[in-house]
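For reference, the chains in residue letters:
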Amino acid sequence: MKIVAVDPFYLRMSEITTAADGTQDTLLVRIRTDAGLEGWGECDASPLVSIAVYCCPMSHGNIINIHESLLGETLDKPEDVLRLSNKVLRNGLDIQHIQHAYSGAEIALWDLIGKKLEEPVYQILAEMTETQSKPYPKLPYASVLFGDTPESIYQIAVGLCEQGYQAAKFGWGPMGKHGEENDIALVRAAREGLGSDAQVMIDAGVVWGADYDTAYNRANAFAEFSPTWLEEPLSPDAINAYKALTDKKPRVPIAAGEGSSTYRMAEDIIVNGGVNFIQIDTGRIGGIMPSFQVRKLAERHGIQYVNHTFKSHLSLAAALHVFATNLDFNLLEYPAANSELSQSLVKQPFQIDPDGLVRVKERPGLGVDVDTEAIRPFLVPVKIGVGSDTVFVQSSL
């Protein structure tokens, strides 16, 4: 089948705040073929910057946009996705944002291949790599932001507990900004609200930069609350600081990796940073295959792979297919405090089963369908011109 359309869509809420909430806007990518099939993907990146990567006029042979690289190409088998990925990344060699933006298209290509072959993506990945093909359920941890005060955090945690969550992650907000005593109070409130049996994860939101001593001291201070991990205490590129931190063997495991926009970045923080959990966002690193390659690297290094998903259940579907077939990688970041936009994106959101677990959908492709009617109110018209030429007009859903 031939690719006949590559359409990025800019969706946003009516009001955007400075909160570290990536669900306030998004970029969806739809790819259509002459066989009447369409695939969908989502980027976790600045939507308008990403759209530019789909339509920017060619500067030279190393700056060719994604749309031009994909339109008219053949897509019949999984190997075609790998071939097209190589083409897109080679043509966009000098576009710094290329992997981030291409993530949406790459996920859409896998969705299309799954639909053509009438197989879920996880099954296709298993067949390609001759690995275990049985999917395993995952324990969802509700992913939310810290409230402004310990009291508000306690109430958030109680609410999550009442919803049946057995694990929750609290991140960003005031963490690291008002001293050690306040940080400890935030974590204490989360633990008390969830109770002693639930898992609690702490996301520091890169607040300590390269200051590994402070990160080490906080990890040890948090240890009395038994968190599963301390996430992103340092900046994504502070590899030497991560190494210094993990060499000190803090009493709480260290997690990081969501900022990886290439496989090499993820490899660096695993091999040289020494983290205990690697967290990868399929909507940032270039899509499903580079995420799968990081999963395999994590298996070789004996650390746990976890998805980073704070976007929507479309992104959650893509993330889940990457590691569904690994029994030991049993934690699933589950968007739990989303905007109306993210809640409306798909027709079949992932439900938490009576046993408290989430399972991959046994349907072709990603297993979810975008609800175009529900998200149409969030569609923002975009038109990009260069001189007298129009290089992009957003299509209709």
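To start, this report covers the structure provided alongside it. Per chain, residue numbering runs from 1 following the sequence as it is written. Where local features are concerned, this predicted model is filtered to residues with pLDDT of at least 70; where side-chain atom pairs are given and counted, the filter is 80 or more; whole-chain, interface and lining totals use all residues. Heavy atoms from the whole structure form the basis of all side-chain values; hydrogens and water molecules are not counted.

Points about the pairing of strand β1 (residues 3–12)
Here is step 1 of the chain: Partly exposed describes any residue whose relative accessible area lies between the buried limit of under 20% and the exposed limit of over 50%, with all areas from a 1.4 Å probe on protein chains only and scaled to the type maximum. Think of it this way: any DSSP run of H or I at least four residues long counts as a helix, any run of E at least two long counts as a strand, and we number them from the N terminus. Where burial is concerned, most of β1 is hidden: 8 out of the 10 residues are buried.
Here is step 2 of the chain: Examined bridge by bridge, β1 and strand β2 (residues 25–33) share 9 bridges and lie antiparallel to one another. Residue pairing across strands places V6 opposite I31, the latter belonging to β2. Strands qualify as paired when DSSP identifies two bridges or more between them.

Looking at the sheet that holds β1
Here is step 1 of the chain: One open sheet accounts for 3 strands, arranged β1-β2-β3; its pairing is antiparallel. The strands lining the two open edges of the sheet, one partner per strand, are β1 and β3 (38–43). In this sheet, adjacent strand axes meet at a mean angle of 20° when their direction is disregarded.
Here is step 2 of the chain: Contacts are assigned to residue pairs that have any heavy atoms within 4.5 Å of one another. Here, axes are lines fitted to C-alpha atoms. For helices the fit covers the stretch in contact, and angles between N-to-C directions go from 0 to 180 degrees. Seen against the sheet, helix α4 (residues 98–117) touches β1, β2 and β3 and runs at an angle of roughly 150° to β3.

What to know about the packing of aromatic side chains
Here is step 1 of the chain: Under the pairing criterion, centres of Phe, Tyr and Trp rings, with the six-membered ring standing for Trp, must be within 6.5 Å; the plane angle then separates stacked pairs below 30 degrees from edge-to-face pairs above 60, leaving the rest tilted. Within the structure shown, the criterion is met by 7 aromatic pairs.
Here is step 2 of the chain: Connected via pairs of aromatic rings, a cluster forms that spans Y141, W229 and F277.
Here is step 3 of the chain: As a reminder, the over-ring test applies to NZ of lysine and CZ of arginine, requiring each to be within 6 Å of the ring centre and within 35 degrees of the ring normal. One Lys or Arg, K248, reaches over the ring of Y216 and ends 4.4 Å from the middle of that ring.
Here is step 4 of the chain: The ring of F350 has K361 sitting right over it, with the charged end atom 4.8 Å from the ring centre.

Details of helix α12 (residues 313–323)
Here is step 1 of the chain: Within α12, 11 of the 11 residues are buried, leaving the element largely enclosed by the surrounding structure.
Here is step 2 of the chain: For α12, the full list of buried residues reads H313, L314, S315, L316, A317, A318, A319, L320, H321, V322 and F323.
Here is step 3 of the chain: Its side-chain oxygen at 3.1 Å from the backbone nitrogen of L314, S312 defines the N-terminal cap of α12. Contacts described as polar in this section are N or O atom pairs within 3.5 Å, which, within protein, must combine one atom able to donate a hydrogen with one able to accept it, while residues neighboring in sequence count only if both atoms come from side chains.

A word on the pattern of salt bridges
Here is step 1 of the chain: The term salt bridge refers to a pairing of a side-chain nitrogen on Lys or Arg with a carboxyl oxygen on Asp or Glu at a separation within 4 Å. According to the stated counting rule, one finds 24 salt bridges in the structure shown.
Here is step 2 of the chain: Across the pair D183 and R218 runs a salt bridge, and its minimum N-O distance is 2.7 Å. Of this pair, D183 sits in helix α7 (residues 180–194) while R218 sits in helix α8 (residues 212–222); the two residues are 35 residues apart in sequence, bridging distant segments of the chain.
Here is step 3 of the chain: You can call R218 buried: its relative accessible area is 10%.
Here is step 4 of the chain: Counted as one network, the salt bridges with shared partners bring together D44, E258, D281, R284 and K311.

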